[in-house]
Amino acid sequence: MRLLTHNILSSNIKGVTNGFPLGIEVEKVVEKQVEINHDFLRNIFPKIDWKAFSDASKIMGYVELPEEAPEPSVLDSDLDFLRKFHHALLELHLEEGALVCPQTGRKFPVNKGIPNMLLHEDEV
């Protein structure tokens, strides 16, 4: 599961009002090379919840991103930042582990890079 995916997932358990961001429990992280697409990165950047993204990248062992979201203009002028953003967003994969609801602590397993967000009957 890429951090791009993590940044859009939330817990939909009945009664949960604060289901984002999901916590991450890491068992295995893999890096998968992806060709960089500058236009995609420029377009997705404003849609990313930076704090959730930055925190998740640190949990996955990648500490190269700044704490605070940089100005969007950095995407046009700083190729080093663009590569780091690309790497964290698209090349780091949570292969095995769990996503954790911030409100209930319910764990959603991630196996072979696929998060299982199915709810139990009593959670619907």
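Procedures and definitions
- Residues numbered from 1 in each chain as written.
- Predicted model: local features only at pLDDT ≥ 70, side-chain atom pairs only at ≥ 80, totals over all residues.
- Heavy atoms only, no water.
- Helix = DSSP H or I, 4+ residues; strand = E, 2+ residues; numbered from the N terminus.
- Rg over C-alpha atoms; globule rule 2.2 N^0.38 Å.
- Buried < 20%, exposed > 50% of the residue type's maximum accessible area, 1.4 Å probe, protein only.
- Pairing = 2+ DSSP bridges.
- Axes fitted to C-alpha atoms, helices over the stretch in contact; angles between N-to-C directions.
- Parallel < 35°, antiparallel > 145°, perpendicular 65-115°, else oblique.
- Contact = heavy atoms within 4.5 Å.
- Nonpolar A, V, L, I, M, F, W, Y, C, P; charged D, E, K, R; others polar.
- Salt bridge = Lys/Arg side-chain N within 4 Å of Asp/Glu carboxyl O.
- Polar contact = N/O pair within 3.5 Å; in protein donor to acceptor, adjacent residues only side chain to side chain.

A closer look at the overall build of the protein
Part 1: In terms of helices and strands, the protein carries five helices and four strands.
Part 2: Its helices and strands taken in sequence order, the protein reads α-β-α-α-α-α-β-β-β from the N to the C terminus.
Part 3: Since a compact globule built from 124 residues should have a radius of gyration of about 14 Å, the 15 Å found for the protein is in line with a globular shape.
Part 4: Burial statistics for the protein: of 124 residues in total, 41% are counted as buried.

Some details on the pairing of strand E2 (residues 92–100)
Part 1: Judged by how many residues are buried, E2 sits mostly within the fold: eight of nine residues are covered.
Part 2: Where strand E1 (residues 23–31) and E2 come together, eight bridges link them in antiparallel fashion. Its bridge partner lying in E2, Lys28 is registered against Glu96.
Part 3: As paired elements, E2 and strand E3 (residues 107–111) share four bridges and run antiparallel to each other. Within the sheet, the bridge partner assigned to Gly97 lies in E3 and is Val110.
Part 4: Where E2 folds back on E3, the antiparallel hairpin that results is connected by six residues, among which Gly105 adopts a positive phi of roughly 80 degrees.

A word on the packing of helix H3 (residues 50–59) against helix H5 (residues 79–91)
Packed helices, taken two at a time, are described by the angle between their axes plus the distance between the axes.
Part 1: Where H3 contacts H5, the two axes come as close as 10 Å, and the packing angle between them is 75 degrees. Looking at the two axes, H3 sits roughly perpendicular to H5. Together, Trp50, Phe53 and Ser57 of H3 and Phe81, Phe85, Ala88 and Leu89 of H5 make up the contact between the two elements.
Part 2: Among the residues forming the contact of H3 with H5, the class breakdown is six nonpolar, one polar and no charged.

Considering the pattern of salt bridges
Part 1: This structure, assessed with the given rule, holds nine salt bridges.
Part 2: Here Lys51 and Asp55 are joined by a salt bridge, their closest N and O atoms 2.8 Å apart. Of this pair, Lys51 and Asp55 both sit in helix H3, four residues apart, which is roughly one turn of the helix.
Part 3: On the basis of relative accessible area, Lys51 is assigned to the exposed category, the value being 56%.

Focus: unusual backbone geometry
Part 1: That bond from Phe20 to Pro21 is cis: its omega, -5 degrees, falls within 30 degrees of zero.
Part 2: By secondary structure assignment, the location of Pro21 is in the loop between helix H1 (3–6) and E1.
Part 3: Residue Lys112 is not a glycine yet carries a positive backbone phi of 55 degrees.
Part 4: With respect to the element layout, Lys112 can be found in the loop between E3 and strand E4 (114–115).

Focus: the side chain of His6
Part 1: With respect to the helices and strands, His6 occurs in helix H1.
Part 2: According to the relative accessible area criterion, His6 is buried, its value standing at 2%.
Part 3: Of the polar contacts made by the side chain of His6, one reaches the backbone oxygen of Leu22; its length is 2.7 Å.
Part 4: Excluding residues that lie within four positions of it along the chain, His6 makes contacts with Met1, Phe20, Pro21, Leu22, Ile24, Ala52, Ala56 and Leu99.

Don't take any of this as a statement about function, it's just geometry.
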